[in-house]
Every structure is written in structure tokens, then in C-alpha cells.
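Here is how the chains run, residue by residue.
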Amino acid sequence: MKILVCGGAGYIGSHTCVALAARGHEVVIFDNLSNGSEDAVQRVRKLSGRPLAFVEGDVRSLESLRMVLSDGVDAVIHFAALKSVSESCSEPLAYFDNNICGTIRLLQAMDGAGVRNLVFSSSATVYGDPQVVPIHEGAVLQVTNPYGRSKLVAEDLIRDLCGARKDFNATLLRYFNPVGAHPSGLIGEDPLGTPCNLMPYVSQVAVGRRPRLNVFGGDYSTPDGTGVRDYIHVMDLADAHVKAVEQLNSSSGCQAINLGTGHGVSVLELVRAFEQASGRDIPYTIVDRRPGDVAACWADPSKAFEVLGWKAKYGVRAMCEDAWRWQLANPNGYRRH
Ligand code: NAD
Ligand code: UFG
């Protein structure tokens, strides 16, 4: 297939491009480099052994999208979004513009070009503060912040378009907590500034870029009092995207699918696993809870297995080892111009 990967220069997109190329698909990366980098694209090419096309452009530009979609694209994977929950609370309009308007433009461009297959990056954030864990796709959907609203609105827009165009197929992949890196150590997660997420923060403490970790809350009703999440290896996510996009032609309508391991891991369990993987101490202090955080959140991933034949292969140990290999080889992340 010829696949347009919007946001393919970013963290999950770059790993997915490598996996798509390994399956023989033709990949076109489309990214405005607001958070991705050309260095990542070069490394994707190196890992793939193929000269993958890269077009610098914005999903909010109908003209740029028309150009890349005009040339026989079979499917689109839409990763392009802003993704910080806290930033979305201070800059909601930027999130609505990028994530919602960007999705509308992409759908318009696909509709105009007759491209009928879409895989969309959604998030477990659409479940808000879950009433029940593990979380099933049929659980109540709620918004707890503007980032979450942008994902929920984008899901609804895609669902409505599938309702109106019977030949339009979409899979909404709801990721839990993506972590880890390609086992080569060549590509990985490279947050700009201070990491908001646990794993990149822990790896930067291990490599000496930050003195210690703040553990947000030690008094949750979880086994050790710290927050519990479903960490999922980015290589497993990449594999799920390949399966989802390959299956689109034989599916119909719009379906939402959780991508998680089905196992909850606490902050302190993850810290200990990272200490073992890296052989470094991770000093930490337990501080107040972070506003908006939930105690525990993990997936029921059974639908992914039923529909896509996918289940997670990697455990926390591999997630930490691969994140550490990437961090150690690239202590300052990608080259950015
Ligand atoms: P990322 O920031 O590394 O990648 C997103 C890429 O999209 C970046 O390369 C960025 O430059 C590009 N981009 C952003 N806005 C764009 C625009 N308007 N036009 C073109 N390109 C644009 O993020 P990621 O972690 O790889 O996340 C990918 C997707 O998965 C996002 O939609 C995110 O919301 C979703 N998601 C991520 C997580 C997570 O924890 N990483 C969890 C759940 C869902
Ligand atoms: N945590 C710390 N210290 C840190 C960072 C995080 O203790 O410096 C804790 C959090 O309190 C939480 C756990 O580590 O208990 C995981 O936090 P992350 O920030 O890594 O992940 P979240 O579960 O808060 O958020 C992630 C994505 C969001 C998405 C959400 C729901 O980053 O985009 O999952 O799917 F909305």
C-alpha cells in the first residue's frame, strides 16, 4: 500500500514508518516539524534501508494535503497533533486549531481525493476518570481537559464522516501510555523542554540531565500508593498500526480499539524496573498529587486481539531497556535546526 503518515517525524509515527517499510509499504511522511525532526526522518530511512519520501507541511493546509494525496495514496495514518495535557489547559485554542481543525482539513482533503482509509491516533484520555478498570471500548467517554476534548471531537468527526460515506473506513486507536524506543537505539522519544511524562523524565534522571524525580502522589488507593498506568511499548504500537492499516480495506465503518497491555504498573514499579535496566539509581521524592491525574488506568485490550489479531509482546523490562539504550546513545535527543 501507499500510506501517507501525517506526523510521521514524531515519536510514535517514526516507529510506525519503520514497521510499515519493513512490511513493504510505500511510506510518505508529512509533518510540519513542530515537534518532530528531520534527523528522525533520516534515521527512519537508515533503519528502513529505503529512501522514504518526506514532505514538510501542515495538516491545516488543504493545499499541501491535496498535493500529497493526489498521487495514489491508499490510506492515511494521522498522528499529527499537539499532545500535552497541561499545555492544552493554558492554550486550548492552539489545541483546537491544530488537533480539530487539522483533522477536519485532512478529512476534507481525503474526501476530495477519494482516499477512503484512515487510522487515527486517539488516546485513553477520552475515558477521562474511568469508573471501572480495565477499560473497555464501550466505557463512558468524558472530557477532563482541552487535549482530551480535541481527541473526542476528532473521533466524533471521523465517525460522522463514516456514517455519511459508506465506503469510508476508519480505525480509532486509543493508546494507553506509550513508552520505550526502537531496540537499535536510533529512534526514540525526544520531548522538547522538561518532560511531562514519567518514562522520559526517569530516563533523563538516570542519564544525569535532571537531579531527581518528583513522584506525584503516594496516597492513592493503589497497592503502593502511587499512580498505576498501562505502559505500552512503542514497537507494539507500531505493529498495531501496521495491522490496523492493512485491515482497513476489509473492514467497514468506524471502530475504536484500545492499545494497551492490560496490566497496570505503578510509578514506583516503573522506577525500580528502570533502575535494573540502567544500573543507575533514580533518586525520587514523593510530592503532592498532580491535578487532573487519576489513580489507576489500564486497558481491556481484548478487542484489539479479536479485530486485529494484535496483542502486546513487550513487558516493562524491555520498555525500560530500550528507552535506556536510546537515552544513553542520544543524551540530548535528535539534532534540531
Ligand atoms: P509527537 O509530538 O512526537 O508526534 C506528532 C508529530 O506531529 C510531530 O512530529 C509534529 O511535528 C507533528 N505535527 C503536529 N502538528 C502538526 C500539524 N499541524 N501538521 C503537521 N504535522 C504536525 O507525538 P507522539 O507521541 O508521536 O504522538 C502521536 C499521536 O499520538 C498524537 O496524535 C498524540 O496525541 C497521540 N497520543 C500520544 C500519546 C503519548 O503519550 N505519546 C498518548 C496517546 C495518544
Ligand atoms: N508521574 C510522576 N512524575 C512525573 C511524571 C509522571 O509521578 O514526573 C506519574 C503520574 O502522576 C502518573 C504516571 O506517572 O501517575 C504516568 O504519568 P504520565 O504523565 O507519564 O502519563 P499520564 O497517564 O498522565 O498521561 C498519558 C498521556 C496523555 C494521555 C493520558 C491518558 O501523556 O496524553 O495518558 O491516556 F491523555
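Residues numbered from 1 in each chain as written. Chains lettered and ligands numbered in written order. Predicted model: local features only at pLDDT ≥ 70, side-chain atom pairs only at ≥ 80, totals over all residues. Heavy atoms only, no water.

Quick notes on the nonpolar core
- If you look at the biggest cluster of nonpolar residues, it comprises 39 residues, and the most contacted ones within it are Leu20, Leu173, Val245 and Leu259.
- When residues no more than four places from it in sequence are discounted, the contact partners of Val245 are Met1, Ile3, Leu20, Ala75, Ile77 and Val119. (Core = buried A, V, L, I, M, F, W, Y, C linked by side-chain atoms within 4.5 Å. Buried < 20%, exposed > 50% of the residue type's maximum accessible area, 1.4 Å probe, protein only. Contact = heavy atoms within 4.5 Å.)

Observations regarding the site of ligand 1
- Ligand 1 sits among 27 residues. The nearest are Ile12, Asp31, Asn35, Lys83 and Tyr147.
- For ligand 1, an oxygen atom lies 2.8 Å from a polar atom in the backbone of Ile12.
- Asp31 places a side-chain nitrogen or oxygen 2.6 Å from an oxygen atom of ligand 1.
- In isolation ligand 1 has 810 Å² of accessible area, and contact with the protein removes 96% of it.
- Broken down by secondary-structure element, the contributors of at least two residues to the shell around ligand 1 are helix H1 (11–22), strand S5 (117–123) and helix H6 (146–164).
- Tallying contributions element by element places S5 first for the shell around ligand 1, with 3 residues. (Near = heavy atom within 4 Å. Polar contact = N/O pair within 3.5 Å; in protein donor to acceptor, adjacent residues only side chain to side chain. Areas by Shrake-Rupley, 256 points an atom, 1.4 Å probe, with all protein chains shown as cover. Helix = DSSP H or I, 4+ residues; strand = E, 2+ residues; numbered from the N terminus.)

Brief notes about the site of ligand 2
- As a structural note, the neighbourhood of ligand 2 is formed by 20 residues, with Asn197, Asn214, Arg229, Arg290 and Asp293 the closest of them.
- Contact distances for ligand 2 include 3.2 Å between an oxygen atom and a backbone N or O atom of Thr125.
- Relative to its unbound accessible surface of 690 Å², ligand 2 loses 89% to contact with the protein.
- Here the shell around ligand 2 gets 4 residues from one element, more than from any other, and that element is strand S8 (residues 213–216).
- Residues of the shell around ligand 2, tallied by class, amount to 10 nonpolar, 6 polar and 4 charged. (Nonpolar A, V, L, I, M, F, W, Y, C, P; charged D, E, K, R; others polar.)

A short note on the packing of helix H7 (residues 198–206) against helix H9 (residues 267–278)
- Following both chains from N to C, one finds H7 and H9 inclined at 40 degrees, their axes separated by 11 Å at the closest point. Taken together, the axes of H7 and H9 lie oblique to each other. For the pair H7 and H9, the sense of crossing is right-handed. Counted together, Leu198, Met199, Val202, Ser203 and Ala206 of H7 and Val267, Leu270, Val271, Phe274 and Ser278 of H9 form the full contact between these two elements.
- Looking at side-chain class alone, the contact of H7 with H9 contains 8 nonpolar, 2 polar and no charged residues. (Axes fitted to C-alpha atoms, helices over the stretch in contact; angles between N-to-C directions. Parallel < 35°, antiparallel > 145°, perpendicular 65-115°, else oblique. Left-handed = near helix turned anticlockwise from the far one by under 90°.)

The values are spatial; any link to function lies outside them.
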